Amino acid sequence: MTSPQPAETRTRGRSSGTATLAEIAREAGVSAPTVSKVLNGRADVAPATRARVEELLRAHGYRRRRAEATRSPLIDLVFHELESAWAMEVIRGVENVARDAGLSVVLSESAGRLTPGRTWADQVAARRPHGVVLVLSGLDESQRALLTSRSIPFVVMDPAGDPGADVPSIGATNWQGGLAATRHLVELGHTRIGALSGPTRMMCSRARIDGYRAALETAGLPVDPALIRTGDFHHETGYRQGLDLLRRPDRPTAVFAGNDLQALGLYEAARELGLRVPEDLSVVGFDDLPVARWVGPPLTTVRQPLTEMAEAAVRLVLDLGREGGSAAATRVELATSLEVRSSTAPPATAA
């Protein structure tokens, strides 16, 4: 008879509780090693097969011990890409809550991919952390199944796409932020307002540009596709796309940048072309990184509460990991706010 793995206990469930793992394998139409892989949380099992085996294990009374008893004092923090200034605000928030809970943070990066690599989930399952926080990332079906099978809760912060109704997430009011930034420029008298978007594959970027469009349409101003550039949230792209935008004979008098780093790249492009901020060009960013207050002139920007979002994500993942924790109604958006500084002014023609 094949014995259950140490992480499992055998109790009576809905059936008589006498089935062996070999019998469960026959009932599921799989091999006994496949059942063992499911018990051990191995990733190399098809999601449909895993779900079928897990259901039979529950029906025959194989139940995992309380997850708290086997967890390591860790929180896994996963970035799709480590961008120092932005990531530091997130790391600070995660550390704040983890430290108070007596936990350490394991930091990893998925090298620009929106889901971690193939071996990542196996490594997390082996570590058995208290939970996982993924930033601008997500999980594929097999990774989700593996973490779920090992009772490792996860939360997505600022999800790149729609994480799904059953995936807990923490975000910000990106659409409202884009609306507020553009409305501010409209109220100053600007009518030709450009935009430097982030990646179109990211939900937060699309929402900010949708807010930009909504503000223009509400004000009765045309949305000119020629004034919108797509970037990647990096300084270098803000510079390159900024040069292209500002060299136009009908250049905009104001630009909403999808994040602060692209706004700073736009600053550099404006200086190279002999344009002054805000006398010749008003600029609004998004994020409110510390550098936004230090540059000259200080940057008007939409404050995204990154540290608070990270703190909320860790609190949520810890709550989900407690006995009886529920993932219901756990899609949360924290409010953004416009921080008006010195990079915006009425257009010169309206002065």
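First, a word on what this report is: a plain description of the structure on this page. Residue positions are given per chain, counted from 1 along the sequence in the order it is written. Given that the model is predicted, a residue must reach a pLDDT of at least 70 before its local features are reported, and side-chain atom pairs must reach 80 or more before they are shown or counted; all residues, however, enter totals for whole chains, interfaces and linings. With hydrogens and water stripped out, all remaining heavy atoms of the structure feed into the side-chain values.

## Some details on the environment of S108
And step 1. Put simply, DSSP H or I for four residues or longer makes a helix, DSSP E for two residues or longer makes a strand, and each gets a number counted from the N terminus. Residue placement: S108 occurs in strand β4 (residues 104-109).
And step 2. Along the backbone, S108 and F79 are 29 residues apart, and their C-alpha atoms lie at a distance of 6.4 Å.
And step 3. The residues contacting S108, other than those within four sequence positions of it, are L77, V78, F79 and W120. Whether two residues are in contact is decided by their heavy atoms: any pair within 4.5 Å suffices.

## Some remarks on the sheet that holds strand β9 (residues 228-230)
And step 1. The sheet built from six strands is open, its strands ordered β9-β8-β10-β11-β12-β14 with mixed pairing. Edge positions in the open sheet fall to β9 and β14 (337-339), since each of these has one partner strand only. Each strand axis lies, on average, 20° off the axis of its neighbour in the sheet, ignoring direction.
And step 2. When DSSP finds at least two bridges between two strands, those strands are taken to pair. By the bridge criterion, three bridges tie strand β8 (residues 193-197) to β9 in an arrangement that is parallel. Considered in β9, the bridge of S197 is made with T230.
And step 3. Contacts between helix α7 (residues 174-187) and the sheet are confined to β8, β10 (254-257), β11 (282-287), β12 (300-303) and β14, with β11 contributing the most and set at about 165° to the helix.
And step 4. Strands β8, β10, β11 and β12 of the sheet are contacted by helix α10 (residues 260-272), whose axis makes an angle of about 155° with β11. With axes taken as lines fitted to C-alpha atoms, and helix axes fitted only over the stretch in contact, angles between N-to-C directions fall between 0 and 180 degrees.

## Considering the layout of surface pockets
And step 1. In this analysis a 1.4 Å probe is tested at points of a 1 Å grid over the protein atoms alone, and where it fits but cannot get out there is a cavity; an open set with protein on both sides within 12 Å along at least five of seven lines is a pocket; lining residues have an atom within 4 Å of a point. Grid points are joined across faces, edges and corners, and a volume is the space filled by probe spheres set on the points. The calculated volume of the second largest pocket comes to roughly 260 Å³.
And step 2. What lines the second largest pocket is a set of 20 residues, and nearest its centre among them are H80, E81, L136, D232 and F233.
And step 3. Residues are sorted three ways: Asp, Glu, Lys and Arg are charged, Ala, Val, Leu, Ile, Met, Phe, Trp, Tyr, Cys and Pro are nonpolar, and all the rest, Gly among them, are polar. Here the residues of the lining of the second largest pocket are counted per class, giving nine nonpolar, four polar and seven charged.

## Things to note about the sheet that holds strand β3 (residues 74-79)
And step 1. On the basis of which strands lie adjacent, the open sheet formed by six strands has the order β4-β3-β5-β6-β7-β13 and parallel pairing. The two strands at the open ends of the sheet, each matched to only one other strand, are β4 and β13 (331-334). Shown here is a sheet whose adjacent strand axes are inclined to one another by a mean of 20°, direction ignored.
And step 2. Two strands pair when backbone bridges link them, and β3 and β4 are joined in this way by six bridges, in the parallel orientation. When the bridges of β4 are listed, F79 appears paired with E109.
And step 3. The sheet contacts of helix α5 (residues 120-127) involve β3, β4 and β5 (131-135), and relative to β3 the element is tilted by about 165°.

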